[in-house]
Amino acid sequence: MNLIPGNLYKFQYFDRQNENLNDKLVLYLGEDHIHRKDGQVIEYNLMQVIGEDRILKCRHEHLRRYLKDID
């Protein structure tokens, strides 16, 4: 699934370790890249959890499969 900045998504249930994200509504903000000194580029996906002050910085691509597009 291609995530589109500005769209709303909802986390589906994916595990007990991250149960604080299960069924949470998030606003996808886009990508952020960190360029390390060793030449590696680390890609993060930024998401604002609706109703919370925090912005999630998700590095794992597998998290995308647990998001449902609600727009």
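## Let's talk about the nonpolar core
Consideration 1: Core analysis: the largest hydrophobic core is formed by 13 residues, its most contacted members being Tyr-9, Phe-11, Val-26, Met-47, Leu-56 and Leu-67.
Consideration 2: The set of elements that each furnish at least two residues to this core consists of strand 1 (8-11), strand 2 (25-35), strand 3 (41-49) and strand 4 (55-58).

## Remarks on unusual backbone geometry
Of all residues except glycine, most have a negative phi; of all peptide bonds, most are trans.
Consideration 1: The residue Asp-23 is not glycine, and still its phi comes out positive at about 65 degrees.
Consideration 2: Mapping Asp-23 onto the fold places it in the loop between strand 1 and strand 2.

## Side note on the pairing of strand 2
Consideration 1: Where strand 1 lies against strand 2, three bridges are found, and the strand directions are antiparallel. The partner of Leu-8 across the bridge, within strand 2, is Leu-27.
Consideration 2: Bridging between strand 2 and strand 3 involves nine bridges; their strand directions are antiparallel. Note on strand 3: the bridge partner recorded for Tyr-28 is Met-47.

## Details of the sheet that holds strand 1
Consideration 1: On the basis of which strands lie adjacent, the open sheet formed by five strands has the order 4-3-2-1-5 and antiparallel pairing. One side of each edge strand has no neighbouring strand; the edge strands of this open sheet are strand 4 and strand 5 (67-69). The average angle at which neighbouring strand axes cross in this sheet is 45 degrees, direction not considered.

## Examining the environment of His-33
Consideration 1: Secondary-structure assignment places His-33 in strand 2.
Consideration 2: Linking His-33 and Glu-43, residues ten residues apart in sequence, is a C-alpha distance of 4.7 Å.
Consideration 3: Setting aside chain neighbours within four positions, we find His-33 in contact with Val-41, Ile-42 and Glu-43.
Consideration 4: A polar contact of 3.4 Å, which involves the side chain of His-33, links it to the side chain of Glu-31.

Rules used throughout
Residues numbered from 1 in each chain as written. Predicted model: local features only at pLDDT ≥ 70, side-chain atom pairs only at ≥ 80, totals over all residues. Heavy atoms only, no water. Core = buried A, V, L, I, M, F, W, Y, C linked by side-chain atoms within 4.5 Å. Buried < 20%, exposed > 50% of the residue type's maximum accessible area, 1.4 Å probe, protein only. Helix = DSSP H or I, 4+ residues; strand = E, 2+ residues; numbered from the N terminus. Pairing = 2+ DSSP bridges. Axes fitted to C-alpha atoms, helices over the stretch in contact; angles between N-to-C directions. Contact = heavy atoms within 4.5 Å. Polar contact = N/O pair within 3.5 Å; in protein donor to acceptor, adjacent residues only side chain to side chain.

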